[in-house]
Amino acid sequence: MAEPIDNKCIHCGEDCGKYPVVWEDKIFCCHGCKTVFQLLNQNKLFKYYEIENSPGVRIDKQELGNKYAFLDLDEIMEKVLDFSEGDISKVTLFIPSIHCSSCIWLLENMHQLNRGVKSSLVNFTKKEVSVTFNHNEISLRELVELLASIHYIPQINLDKLDGKQGDASNKKLLVKIGIAGFAFGNIMLLSMPEYLSIGEDIGRNFRDFFGYVNILLSLPVLIYSSNEYWLSAFKNLRHKMINIDMPITLGVFALFFQSLFEIVTGTGAGYLDSFAGFIFFLLIGKWYQNKTYQALAFDRDYKSYFPIAVSKITEDGEVSTPLKNLQVGDRILIRNQELIPTDGIIAKGHGNIDYSFVSGESNPLSKGEGDVVFAGGKQIGSALEIEIKKDVSQSQLTQLWNQHINQEKRESKINSIIDRLSKNFTILVLVISSLTAIYWYIFDPSIALMAFTSVLIVACPCAIALSLPFTFGTTMRIFGHKGFYLKNTDVVERLTKIDTVVFDKTGTITYSRSKNVKLEEGTLSEKDRVAIRSTARQSAHPLSAAVFDFFSETEIVEVGDFMEIPSAGIKAMVDGRMIRLGSREFILKEKDDDDAFAAEVYVSIDHEFKARFTVKNKYRKGIERVIDSLKKAYSLHVISGDNDAERKPLTELYGSADHIHFNQSPNDKLDYIAKLKQGNRNVLMIGDGLNDAGALNMSHVGISIADDVYQFSPACDAILEAKQFDKLVDFIHFSKTALKVVKTSFVISILYNLAGLNFAVQGLLSPIVAAILMPLSSVSVVTFVTFSTRWLARRKLRG
């Protein structure tokens, strides 16, 4: 069989040899290249080929050899891995070559390359990927080799193992700036005779010599300093894509090769000073952009305000303590369904740990006293006492929170508009620059090249693409300062579209622990009180907390076989007796009393009815203002798992009983939200994160109300500190203000580009000035949206 004329692998460019791998008339050097290409082809993500330094390069395992053999050593793995329990391990790797949205897609779809990879999540700003994998199916070494084989080579070194992260990419940029600056200065010096119009006086030999020296000085600028732009542009063009680096590349090559032609033929001195200056100022602008974005960064800062507290065990009892105040050696209490905030050792109790929040595997693992438990695990069963063995990392919990994003919620209409606008704008710039060059070539050829290059450079859609993440990111940080913590910036946009608000009752519009509790029926011995309080202590439910607080002077003993049944009750064994607390139906097998005037908690011991408590709720401060403001613009609903004891006050508060529902199980709540969505309603669900996880996840935006206990639900999109409940309306309204800032920044960006184009097409703008203005446009827009958002927040957000 005749060998194909073009025998290069379509993915990596390597020679395929005599027996290439063929798929749909395309040839590949190996099955690995074919697999990656198929993934990209299937999802139409050819922008993957923007990656710096040859993204399609193939690295064979033979080529890797034993480079990563050290990752098979247990002592190294222990330092590198973030988590390892059962069959599941998790690692965070720094990958400098992460470059664009296609990189993110490919890295987050690694499970399609190897079934041992369970999930992967990219942190684009830090150029990190967190991978959860089954180490029995793929080892850490094999995982890193897999990444290297698709040219995402992780940096793993002693700095990484010591917890330090070097900024190699920033150093590389500084080297490029240094080379371009050196060339720019020296080319200007050697071009001095041309500036002074004495080029003819120094003799042709000297003039030619200076010209060739300028070419030699320009080559490193072209080949190295500017390679990020032309590599990206060529790789996109190769796959029939046009990106924003294309205009810059055309400008770079036009200046260089026109100068090369003039110097070699002796027809002129060229424009190599403009060429080197253009690249120098372009890179300076990029460096300045990076510094500006770091100064205005929000993705790291807001995590330090994360609203999580945990019960710390002290000599004076249990004290609610913010995570940031915990230290190694402290002992904390983890109740049923609560997350473990940091790595530690079980000091007391039996653990039944669900690591699905970390690994995606839902099978609980049994743990006893002395066993190690990891951050992000959720206790199922009786309360645990854990001794902290590692500093608390709130950013780690935030990262875990962001892992659980409903795919439906990830869709952003405005982001799609920005992507299309940026792409079409680039094509428009290419058309305008070509028409400008043709016009000036006809009427004044001396400025045609300069005008062509200036148009290509000055009109950049970067500012448009940056306005949304920085506006919403700043909003996210402002909200965090004020006690409203969002999972990601997309939540801000979704809040602007809400037309229906659904409230849970207990622990949401009522206080979790501020309740009037009364023993209405039954006589309890001290032993009974101890058993009831010890059982109630295991649960974080507001009614359990109320009963626990009611017996504040009673001692606590160890319980066993604890179980919590959502919307029903709890049960446990205490000193050989079965203790059950819950609803009337759970204890007496009778329907709840619809005529009751307060929430009720029934108690049985060894299946014999013992007591009935009434718990009267106290509504949160500011509830009247919140409801009055919301019902003017939104359809309001209440769904509660309790009986309808408070139907009358709620009807008076909401103005109607039509959308107030009681005795709702978690599934009922989920179905209710689903039904609203089927009616094309954009639903905001507000709950306490306990029995509302399904409904919170189903809604367009789910907000969990957090008191001073460790209630952290992966299902929610935002957490609102309970003391900030009265500001809920302000937060919703300000999200709409933030969207207006985004739209205003779009107008500013477009006007900025039109103004620049106006001067450029007239030949009034040099490429060097254009290179200075291009990054300034991005920086100015980012600065505008950041500071205007902050200024508006000071005016519109109370407190």
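Everything below is about the structure printed above this text.
This write-up is about the structure you can find in this document. (Residues numbered from 1 in each chain as written. Predicted model: local features only at pLDDT ≥ 70, side-chain atom pairs only at ≥ 80, totals over all residues. Heavy atoms only, no water.)

## What about the sheet that holds strand β23 (residues 608-616)?
Part 1 of the reasoning: Read across the open sheet, the six strands follow the order β18-β23-β22-β21-β20-β19; overall the sheet is antiparallel. The sheet is open, and its two edges are formed by β18 (516-521) and β19 (560-565), each paired on a single side. Across the sheet, the axes of successive neighbouring strands diverge by a mean angle of 15°, strand direction being ignored.
Part 2 of the reasoning: Note that strand β20 (residues 569-574) and strand β21 (residues 577-582) share six bridges and pair antiparallel. (Pairing = 2+ DSSP bridges. Helix = DSSP H or I, 4+ residues; strand = E, 2+ residues; numbered from the N terminus. Axes fitted to C-alpha atoms, helices over the stretch in contact; angles between N-to-C directions.)

## Observations regarding the sheet that holds strand β25 (residues 660-661)
Part 1 of the reasoning: Reading across from one edge, β16-β28-β27-β26-β17-β24-β25 is the order of the seven strands in this open sheet, with mixed pairing throughout. Strands at the two margins of the open sheet, each flanked by one partner only, are β16 (484-486) and β25.
Part 2 of the reasoning: Pairing of strand β26 (residues 683-687) with strand β27 (residues 701-706), which is carried by four bridges, proceeds in the parallel orientation. From the neighbouring strand, Met 685 faces β27, where its bridge partner is Gly 702.

## Examining the packing of aromatic side chains
Part 1 of the reasoning: Under the counting rule described, the total for this entry stands at 16 aromatic pairs.
Part 2 of the reasoning: On the basis of an interplanar angle of 25° and a centroid distance of 4.9 Å, the ring pair of Phe 484 and Phe 731 is categorised as stacked. Of this pair, Phe 484 sits in strand β16 while Phe 731 is found in helix α28 (residues 728-761), placing the two residues 247 residues apart along the sequence.
Part 3 of the reasoning: With relative accessibility at 1%, the residue Phe 484 sits in the buried group.
Part 4 of the reasoning: For the ring pair Phe 550 and Phe 613, a centre distance of 5.7 Å and an interplane angle of 75° mean the geometry is edge-to-face. Of this pair, Phe 550 sits in helix α22 (residues 542-550) while Phe 613 sits in strand β23; the two residues are 63 residues apart in sequence, bridging distant segments of the chain.
Part 5 of the reasoning: With relative accessibility at 34%, the residue Phe 550 sits in the partly exposed group.
Part 6 of the reasoning: Through a chain of ring-to-ring contacts, the aromatic side chains of Phe 253, Phe 256, Phe 257 and Phe 275 assemble into a single cluster. (Phe/Tyr/Trp six-rings, centres within 6.5 Å; stacked < 30°, edge-to-face > 60°. Buried < 20%, exposed > 50% of the residue type's maximum accessible area, 1.4 Å probe, protein only.)

## Regarding the pairing of strand β22 (residues 599-605)
Looking along a regular strand, one sees side chains alternate from face to face of the sheet.
Part 1 of the reasoning: β22 sits mainly inside the fold: seven of its seven residues count as buried.
Part 2 of the reasoning: Every second residue of β22 is oriented toward a common face, with Ala 599, Val 601, Val 603 and Ile 605 on one face and Glu 600, Tyr 602 and Ser 604 on the other, all of them buried.
Part 3 of the reasoning: Both β21 and β22 contribute to a ladder of four bridges, which runs antiparallel. Across the sheet, residue Arg 580 finds its bridge partner in β22, namely Ser 604.
Part 4 of the reasoning: Relative to β23, β22 is paired through seven bridges, and the arrangement is antiparallel. Note that in β23 the partner of Ala 599 across the bridge is Val 615.

## Describing α22
Part 1 of the reasoning: The buried count for α22 comes to seven of nine residues, which makes it a mostly enclosed element.
Part 2 of the reasoning: Those residues of α22 not exposed but buried are Pro 542, Leu 543, Ser 544, Ala 545, Ala 546, Val 547 and Phe 548.

## Considerations on the nonpolar core
Part 1 of the reasoning: Among the nonpolar cores identified, the biggest contains 52 residues, and Phe 503, Leu 630 and Tyr 654 are the most heavily contacted of them.
Part 2 of the reasoning: No other element matches α28, which puts 10 residues into this core.
Part 3 of the reasoning: Once residues within four sequence positions are removed from consideration, Leu 630 is found in contact with Val 501, Phe 503, Leu 636, Leu 728, Val 729 and Ile 732.
Part 4 of the reasoning: Grouped together as the second largest cluster of nonpolar side chains are 44 residues, Val 221, Val 429, Leu 449 and Val 455 included. (Core = buried A, V, L, I, M, F, W, Y, C linked by side-chain atoms within 4.5 Å. Contact = heavy atoms within 4.5 Å.)

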